[in-house]
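Coordinates in review
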Amino acid sequence: MFIALSELIMNTVALPELKTSTCRENAPINIDCRASAPASSELVLPTPRELREHLPVDPALSRRIAEQREAVRAVLEGRDERLLVVVGPCSVHDPRAAREYAERLAGLASRVSDRLLLVMRVYVEKPRTTVGWKGLAYDPGLDGSDDMAYGLALSRELLRDIAAQGLPLATELLQPMVAPYFDDLLSWVAIGARTTESQVHRELASGLEAAVGFKNGTDGGIQVAIDAMRAAAHGHRHFAVDLDGRPVMRQTPGNPHAHLVLRGGHGAPNYQADKVAVCRHALEAAGLSPAMMVDCSHANSRKDHRRQGEVLLDVLNQRLQGNRDLIGVMLESHLFEGRQPLNPQALRYGVSVTDACIGWEMTEHLLTVAAERLK
Ligand SMILES: O=C[C@H](O)[C@H](O)COP(=O)(O)O
Ligand SMILES: C=C(OP(=O)(O)O)C(=O)O
């Protein structure tokens, strides 16, 4: 498959400079190596249509994705009482480990499916506070070589394979131009804390078929997310590129499944019952659905991955005490616990290279307990 993908990329762009190797030999591992790149340059990438034609979604998978999206919507609308759980690595840097994770998660998903709807985090774009590795779609070689043509192909292939395994997919959409390479595969989309305030991202969300969770701001402010939900629920006309890479004026229908994701901010969690009640009030005052998801990681765990369990248990207690607004949770989890520096020469298999994650055993334990407690 990869050889065929390479051919596609090379034929499409007809630019000898655009190699599809995963690693540039002897490349400096520090991301700052880009500082020595030419000040300005451009390489042509395959269009979304070309990549979609090369990695198509067959009618059976397309039906399955439609069902997965409908399952997420049913939870958001309260037609399904299960807890929506968006769980998986902070970022995907190794497709092999992501596939192994997906296999385990698919097994767990069927064991807990009476109480939990599991959706896998397959995050191939990462927003950075300042600079850093931006994800598989940007730099699949992990070495600053930024082979984006290969990154897009690798990401789409991975997303498609995991969806075909039966798992609904979640990702953060960061660069609006990247969305059409993947958005036909997604059941749940995050607009992150760093982009919730962006009009461009709200416009993007207004045209997606998948449900969209807007994170509160990095400072913990929820008003930006509430404004975002209102903006995304609206139809927009906005500048976009079509599947052939042409600029278009796009009319969107508005997304009725935009919702709030509480991730805490600046070291202060916002998952506790009193904070959730304030958020509910603000959502109601804005005439929006009170459905909320709690991100157990980030500022809610005070950036300590081991505390995600504590947050999850608190959310479960709130549910058991009758709070049905908390429709979902998010967990950052990988095969193995913790995180590691991004050094392509010395990577430990199945360990995050971005935020620290809980390991598989803890994930399985927590979700099994959650399913039991919600019985
Ligand atoms: O979820 C991941 C990170 O919190 C986010 O991408 C920001 O990362 P950074 O602060 O390490 O750049
Ligand atoms: C970057 C993420 O979250 P946030 O936008 O809340 O920082 C994430 O979930 O990977």
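Residues numbered from 1 in each chain as written. Chains lettered and ligands numbered in written order. Predicted model: local features only at pLDDT ≥ 70, side-chain atom pairs only at ≥ 80, totals over all residues.

As annotated in an unreviewed UniProt entry, the protein carries the name Phospho-2-dehydro-3-deoxyheptonate aldolase and is attributed to Pistricoccus aurantiacus. In its Pathway (unreviewed entry) section, the UniProt entry covering the protein states "Metabolic intermediate biosynthesis; chorismate biosynthesis; chorismate from D-erythrose 4-phosphate and phosphoenolpyruvate: step 1/7." In its Catalytic activity (unreviewed entry) section, the UniProt record describing the protein reads: "D-erythrose 4-phosphate + phosphoenolpyruvate + H2O = 7-phospho-2-dehydro-3-deoxy-D-arabino-heptonate + phosphate". (UniProt positions renumbered as here; feature names shortened; annotations may be inferred.)

**Here we look at the pairing of strand 1 (residues 83-88)**
Successive residues of a regular strand alternate their side chains across the two faces of the sheet. For strand 1, a buried count of six out of six residues is recorded, marking the element as mostly surrounded by other parts of the structure. Here strand 1 shows a buried face lined by Leu83, Val85 and Val87 and a second buried face lined by Leu84, Val86 and Gly88. Of the pairings in the sheet, the one linking strand 1 to strand 2 (residues 116-121) comprises five bridges and is parallel in character. Counted as the bridge partner of Val87 is Met120 from strand 2. You can see the chain leave strand 1, run along helix 4 (residues 95-111) and come back into strand 2, and the turn it takes is right-handed. (Buried ≥ 20, exposed ≤ 12 C-beta atoms within 10 Å, placed from the backbone. Helix = DSSP H or I, 4+ residues; strand = E, 2+ residues; numbered from the N terminus. Pairing = 2+ DSSP bridges. Right-handed = clockwise from strand over helix to strand, strands pointing away.)

**What to know about the nonpolar core**
With 100 residues, the main nonpolar core has Val85, Val119, Val122 and Leu169 as its most contacted residues. When residues of this core are assigned to their parent elements, the largest contribution, 10 residues, is made by helix 5 (residues 148-164). When near neighbours in sequence (up to four residues on either side) are disregarded, Leu169 contacts Val119, Met120, Val122, Leu159, Ile162, Ala163, Leu185, Leu186 and Ser187. (Core = buried A, V, L, I, M, F, W, Y, C linked by C-beta atoms within 7 Å. Contact = placed C-beta atoms within 7 Å.)

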